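# Chain and residue survey
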Amino acid sequence: MSPSAPAVPPQSAASAQVPDAAGRFGEFGRRFVPETLMHALEQLTEEYARTQADPQFQAELNALFKYYVGRPSPLYFARRLTEKCGGARIHLKREDLNHTGAHKINNALGQALLTLRMKKGRVIAETGAGQHGVATATACAHFGLPCVVYMGEEDIRRQKLNVFIMRTMGAEVRPVTSGSRTLRDAINEAMRDWMASVADTHYIIGSVVGPHPFPMMVRDFQAIIGRETRQQCLEQIGRLPDEVVACVGGGSNSAGMFYPFVEDASVKLTGAEPGGKGLKPGEHASTLSYGVKGVLHGSYSYVLQDSDGQTQDVHSVSAGLDYPGVGPEHSYWKDTGRVQYHPVSDAEALDAFHTLARLEGILPALESSHAVSLAQKAASGRKKEEVVVVCLSGRGDKDVYEVARVQGQTI
Amino acid sequence: MAFMPFITAGDPDLATTQKLINTLAAQQVDLIEIGFPYSDPIADGPVIQASYTRALGKHLHVNEIFAAVREVTAGKTGRQRDKETERSSAAKSSPSLSVSPSPPLPPLVAMVAYAIIFRMGSEAFVRGARDAGFAGLIVPDLPADEAQDLARLTSAQGLDLVQLIAPTTTEARTKRILETAAGFIYCISVAGTTGVRDQLPDELKQQLKWLKTQTDLPLAVGFGISRPEQVDELRGLADGVIVGSAIVKHVAAIAEQGVAVETALGHVSKLAAGMVTATHKSS
């Protein structure tokens, strides 16, 4: 595409030039929050725009990525997994090798740096499985910022290891006892804290959800995943991949992975949703596959809710995908047809967890196992010279107790 | 000054909600806000949240709230009909359920999350609210920036879409918000969620003074108010006060502590009487 004569994309094609100033990704996104938060969101949008144009901020963040996180994360050719599937070559983008073991650190460091820029002295965050909580506690320890993490009482019970890590790093973990006592309620509680503390506190939201500018900002901080992958593909295989697969709960690793490929029409983008144990409400968390358009947590997107607009309970074997909403940009990508989203069941994800452990010596997070499962299917149906890249968003150490429990074992 | 109590619809059931409306009307409150339970109410503190959770736990539906409110506004729950209905039905017969004469119902305003309105469809929701006899809507998570379409629909149906102003709202934002405001201005007293607080901040008074110079709409102060003494602090600055959590807490005792409905209604009645006396004192 020559810069002097840009191709005009067809009406339905997804653009990378989103969101607009009002936070719209097509019709999705925007801001549906109490008036108390509106000024802070406007300020955050302005400050974020300034940092985007500030080479010093970018240099600081890049240095942290390189020397603290260990970026770039490798793009690894999974030979034995490829042989098993008998089709396209499967490459893994190893976000599991980042400091703290998942992609969440990319966003936590970016927003913590932004917190310092805004001269706010306190950080709050929500967490489901605990990965974002650990990443935020880590970033706050690094910068010496006080940190409060809201976590559902039910998740605290399921993720003891991460709770211990957060506390060890100096964060205060506050149990959330309202509603379903999981991620969704942790977000509600963090928002409530922020309503009262907005003058001196920044809310480091963990996914591409919430009111504008959060979905854009978190995507941008995570887009390092896709940019590196694109570069590594060109260097290692001499061309772009044929398909990129990532898991989608709120959708931060997938948004970061997909975004730099959005305008590469030859690259198929595929999202793996948590299909849980069935199709009935409460048995899955496949928001894009089975949800409706609605409002949740400050933005307009696909949601799982009943006919009255009340949020439905969800289930996934993976605590990090156990969320009844999804980032507005994913809704935009779904409706423009740019990304295809498919549910992957608990059983399929568990199977992929074991497959990757046995064939590659890599223990994937249960979240990432959903993507691995879908990538195996995608690769099987493709020619040997084709390439499928999977975002291995996190490592599976945190999940071993849950996997053992599901198998009827105790550790 | 006006006294504007808030109650949660359906806690512990809609029959109690109907009795509460009649009880508050009997105390001559000036407006009643009726909260539509929502699963994820981020502007609400623990007391109202818990009341929403209880109501939804019994599978309360929006249309049931509309129907229950319609019964009250149509005079089918043992109280006098509102003036308009009465006039039209006066020719047929005198009300058969004439209990002790009570003042007409004050305006009822629905406090409802945008998720609920959007799911039903704005047009259908506004029509449902109008048919139920609501006079207006407060949508706490629909900032003025996104409220234009709904404001058009409400005004077409003769309803007011009430706008909120927070301590964090800048003067420039306030001016934009006032352009779509109708009914009254809901002034949030403190940054934070609903719930009882001891003190009202000094900044609130400054903001109210300035707001008076910007709009002719009545200013109602909510969040954190529960006692008549707080009314004195606002006298001359605000045109109304809103009390929510303190009332909802009395009602919560029915479900949480097994308190008799009549006892809880008595507590609410007493609180309302005190607030009505304080607010109506010199205005």
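### Focus: the packing of aromatic side chains
The way to describe two aromatic rings as a pair is by their centre distance and the angle between their planes. Residues and elements named next belong to chain A. Counting across every chain of the model gives 16 aromatic pairs over all chains. Taking 5.8 Å as the distance between ring centres and 35 degrees as the angle between the ring planes, the aromatic pair formed by Phe-28 and Tyr-302 counts as tilted. With Phe-28 in strand β2 (residues 28–29) and Tyr-302 in strand β12 (residues 299–303), this residue pair connects regions lying 274 residues apart in the sequence. By relative accessible area, which is 2% here, Phe-28 ends up buried. Ring centres of Trp-194 and Tyr-203 lie 6.0 Å apart, and the angle between their planes is 65 degrees; this geometry places the pair in the edge-to-face category. For Trp-194, a relative accessible area of 1% gives the class buried. Taking relative accessible area as the criterion, Tyr-203 reaches 1% and is therefore assigned buried. If you follow Arg-94 out to its NZ or CZ, it ends over the ring of Tyr-76, 5.9 Å from the centre. It is Lys-334 that lies over the ring of Tyr-302; its NZ or CZ is 5.3 Å from the centre.

### Considerations on the interface of chain B and chain A
Facing the 37 residues of chain B at the interface are 33 residues of chain A. In total, about 3000 Å² of surface goes out of reach between chain B and chain A, with carbon and sulfur atoms giving 53% of it. On the chain B side of the interface with chain A, the three residues burying the most area are B:Ile42, B:Arg119 and B:Glu146, jointly 24% of the side's total. Viewed at the interface, chain A and chain B are joined by five salt bridges. Across the pair B:Asp40 and A:Arg184 runs a salt bridge whose closest N-O atoms are separated by 2.7 Å. Summed over the shared surface of chain B and chain A, the number is 20 residue pairs in polar contact (both at pLDDT 80 or more). Of all the elements in the fold, those that place two or more residues in the side of chain B that touches chain A are α2 (46–57), α5 (114–120), β5 (160–165) and α8 (171–180) of chain B. The dominant element in the side of chain B that touches chain A, judged by the number of residues it contributes, is α5(B), at five residues. Residue classes in the side of chain B that touches chain A are distributed as 21 nonpolar, eight polar and eight charged.

### Observations concerning the environment of A:His297
Among the secondary structure elements, A:His297 is positioned in the loop between β11 (292–296) and β12. With 87 residues separating them in the primary sequence, A:His297 and A:Gly210 have C-alpha atoms 5.3 Å apart. Residue contacts for A:His297: discarding those within four places in its chain leaves A:Arg184, A:Ile187, A:Asn188, A:Met191, A:Gly210, A:Pro211, A:Tyr323 and B:Asp40. Of the polar contacts made by the side chain of A:His297, one reaches the side chain of A:Asn188; its length is 2.9 Å.

### Notes on the nonpolar core
Counting residues in each nonpolar core, the largest one holds 173 residues, and the members touching the most others are A:Trp333, B:Phe3, B:Phe36, B:Phe125, B:Phe134, B:Leu137 and B:Leu234. Take this core: its biggest share by element is eight residues, from helix α12 (residues 261–280) of chain B. The residues contacting B:Phe3, other than those within four sequence positions of it, are B:Val29, B:Asp30, B:Leu31, B:Val241, B:Val243, B:Ile247, B:Leu271, B:Ala272, B:Met275, B:Val276, B:Thr279 and B:His280. A:Ala78, A:Ala272, A:Ile362 and A:Leu374 belong to the second-largest nonpolar core, a separate cluster that totals 23 residues.

### Re the pattern of salt bridges
Taken as a whole and judged by the stated rule, the model has 47 salt bridges over all chains. When the shortest N-O distance is used, the salt bridge between A:Arg219 and A:Asp220 registers 2.9 Å. Taken individually, A:Arg219 and A:Asp220 each receive the classification buried, so the pair is uniform in this respect. One salt bridge in this structure joins A:Arg382 and A:Glu386, with 3.4 Å as the shortest N-O distance. With respect to class, A:Arg382 is no different from A:Glu386; both count as buried. Among the charged side chains, a network of salt bridges with common partners joins A:Glu35, A:Glu42, B:Asp145, B:Arg173 and B:Arg176.

### Quick notes on the confidence of the model for chain B
Residue and element names in this part refer to chain B. Averaged over every residue, the pLDDT of chain B is 91; the share at 70 or more is 90%. Under a pLDDT of 50 for its full length, residues 80–101 has, in the predicted model, 15 contacts with residues more than four places off or in other chains. At the level of chain-chain contacts, confidence expressed as ipTM amounts to 0.93, with global pTM at 0.94.

Reading the values: rules and limits
Residues numbered from 1 in each chain as written. Chains lettered and ligands numbered in written order. Predicted model: local features only at pLDDT ≥ 70, side-chain atom pairs only at ≥ 80, totals over all residues. Heavy atoms only, no water. Phe/Tyr/Trp six-rings, centres within 6.5 Å; stacked < 30°, edge-to-face > 60°. Helix = DSSP H or I, 4+ residues; strand = E, 2+ residues; numbered from the N terminus. Buried < 20%, exposed > 50% of the residue type's maximum accessible area, 1.4 Å probe, protein only. Lys NZ or Arg CZ within 6 Å of the ring centre and 35° of its normal. Contact = heavy atoms within 4.5 Å. Buried area = accessible area lost by both parts, 1.4 Å probe. Salt bridge = Lys/Arg side-chain N within 4 Å of Asp/Glu carboxyl O. Polar contact = N/O pair within 3.5 Å; in protein donor to acceptor, adjacent residues only side chain to side chain. Nonpolar A, V, L, I, M, F, W, Y, C, P; charged D, E, K, R; others polar. Core = buried A, V, L, I, M, F, W, Y, C linked by side-chain atoms within 4.5 Å. pLDDT = per-residue confidence, 0-100.

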